[in-house]
Amino acid sequence: MNKKVKVQVTDLTKRFGDLLVLDKVSFEVYEGEFLCIVGPTGCGKTTFLNSLTHLYEPTSGKILFNGEEVNLEKHNIAYIFQEYSAMEWLTVRQNVRFGLEIKKDYKNIDRKVDEALELVGLTKFAGYYPKQLSASMLQRVVIARAFATHPELLLMDEPYGQLDINLRFKLEDEVVRLCKQTNTTVIFITHNIEEAVYLGDRILVLTNKPTSIKEIIMDELPHPRDIAAPEFVEMRNRITDLIKWW
Ligand SMILES: Nc1ncnc2c1ncn2[C@@H]1O[C@H](COP(=O)(O)OP(=O)(O)OP(=O)(O)O)[C@@H](O)[C@H]1O
Ligand SMILES: [Mg+2]
């Protein structure tokens, strides 16, 4: 793995009033890496992504991207929110195009939109409005919108929660292939340990609040991964044992 540091998190602390959520969390994400973060509900996973993108200001500590303060005007970062958001008044195609328009990225815009729609299997639905789509199709619109911008850093907050399992595996394979091909750095948040083992180059396991890092696990199983392979099952069990959330 390329060891250039893309994201550097140092002593990140976030409080909401008396509630200490993130407690001096430090780690780095390497260029081209697919980092999965798993942790109990309410431990601060979304808070971390919101801090990275300046939706929240950290109480203390810092997050650097390419060695500098994160600046969304300058850095090509895409964020797929946990509560996904397609704009009701725009068609599927316009929704995907919008991601590029807000970045003023008009070069080959229609080709990029076509490619992204194709990737998530929505080409035939380009003219539909969000109201006419199922939940999983809506989710694919949002994924296409992020991918169309060819981000340097892709943040995904439980993006596949709504998808049926077959579609999830298909999209996951596509996402891994695409990210590897384009050397995109990914931070992928999930509750699903199997999904983390399926996707990650490394898996960062968080504790309950006040949240710190329990362990970081290397996952070097070859892609596409076989969820029934003994090494896969062993890693999944190891992480499950590590986190006694229940
Ligand atoms: N704006 C806010 N004001 C006050 N408290 C907040 C705010 N945002 C988050 N919190 C609290 O911070 C904690 C972490 O929330 P966060 O949404 O980051 O958790 P999470 O790990 O993403 O959970 P989930 O797995 O359920 O998505 C929770 O206890 C939540 O109530
Ligand atoms: Mg969350």
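Residues numbered from 1 in each chain as written. Chains lettered and ligands numbered in written order. Predicted model: local features only at pLDDT ≥ 70, side-chain atom pairs only at ≥ 80, totals over all residues.

**Some words on helix α4 (residues 135-148)**
No. 1: The end-to-end C-alpha distance of α4, which contains 14 residues, comes to 20 Å, matching closely the 20 Å that a straight helix rising 1.5 Å per residue would cover.
No. 2: The buried fraction of α4 amounts to 11 of the 14 residues, a majority that puts the element mostly inside the structure.
No. 3: Within α4, burial applies to Met137, Gln139, Arg140, Val141, Val142, Ile143, Ala144, Arg145, Ala146, Phe147 and Ala148.
No. 4: Where α4 is buried, its residues meet β6 (77-80), α2 (92-101), α3 (109-119), β7 (153-157) and α5 (165-182).
No. 5: Directly beyond the C-terminal end of α4, a positive phi value near 45° is found at His150. (Helix = DSSP H or I, 4+ residues; strand = E, 2+ residues; numbered from the N terminus. Expected span 1.5 Å × (residues − 1). Buried ≥ 20, exposed ≤ 12 C-beta atoms within 10 Å, placed from the backbone. Contact = placed C-beta atoms within 7 Å.)

**Some words on the sheet that holds strand β9 (residues 202-206)**
No. 1: Spatial ordering of the open sheet is given by β6-β7-β8-β3-β9-β10, a layout of 6 strands whose pairing is mixed. Unpaired on one side and paired on the other, β6 and β10 (213-218) mark the two borders of the sheet. Going from strand to strand, the sheet's axes swing by 15° on average, the running direction of each strand aside.
No. 2: Note that β9 and β10 share 5 bridges and pair antiparallel. Looking across to β10, one finds that Arg202 is bridged to Met218.
No. 3: Relative to the sheet, helix α1 (residues 45-52) contacts β3 (34-38), β6, β7 and β8 (185-190), its axis offset from that of β7 by approximately 150°. (Pairing = 2+ DSSP bridges. Axes fitted to C-alpha atoms, helices over the stretch in contact; angles between N-to-C directions.)

**Focus: the sheet that holds strand β5 (residues 68-69)**
No. 1: Pairing is antiparallel in the open sheet, where 4 strands are placed in the order β2-β1-β4-β5. The two strands at the open ends of the sheet, each matched to only one other strand, are β2 (19-30) and β5.
No. 2: Here strand β1 (residues 5-16) pairs with strand β4 (residues 60-65) via 5 bridges, running antiparallel. Residue pairing for β4: Val7 is matched across the bridge by Phe65.

**Quick notes on α2**
No. 1: When you tally the buried positions in α2, you get 7 out of 10 residues, the bulk of the element.
No. 2: Among all positions of α2, only Val92, Arg93, Asn95, Val96, Arg97, Gly99 and Leu100 are buried.
No. 3: On the buried face of α2, the contacting elements are α3 and α4.

**Structural notes on the domain arrangement of the protein chain**
No. 1: Domain boundaries assigned for the protein chain yield domain 1 (1-75 + 152-246) and domain 2 (84-149).
No. 2: For the side of domain 1 that touches domain 2, the element with the highest residue contribution is α5, accounting for 4 residues.
No. 3: Taken together, the residues that form the side of domain 1 that touches domain 2 break down as 6 nonpolar, 1 polar and 2 charged. (Domains from an automatic or database assignment. Nonpolar A, V, L, I, M, F, W, Y, C, P; charged D, E, K, R; others polar.)

**Points about the nonpolar core**
No. 1: Membership of the largest hydrophobic core comes to 60 residues, with the highest contact counts inside it found for Leu35, Cys36, Ala144, Leu155 and Phe188.
No. 2: Per-element accounting of this core gives the leading share, 8 residues, to α4.
No. 3: In terms of domain composition, this core takes at least three residues from each of domain 1 (1-75 + 152-246) and domain 2 (84-149).
No. 4: Leaving out residues up to four positions away in the same chain, Ala144 has contacts with Val96, Ala116, Leu117, Leu119, Val120 and Leu122. (Core = buried A, V, L, I, M, F, W, Y, C linked by C-beta atoms within 7 Å.)

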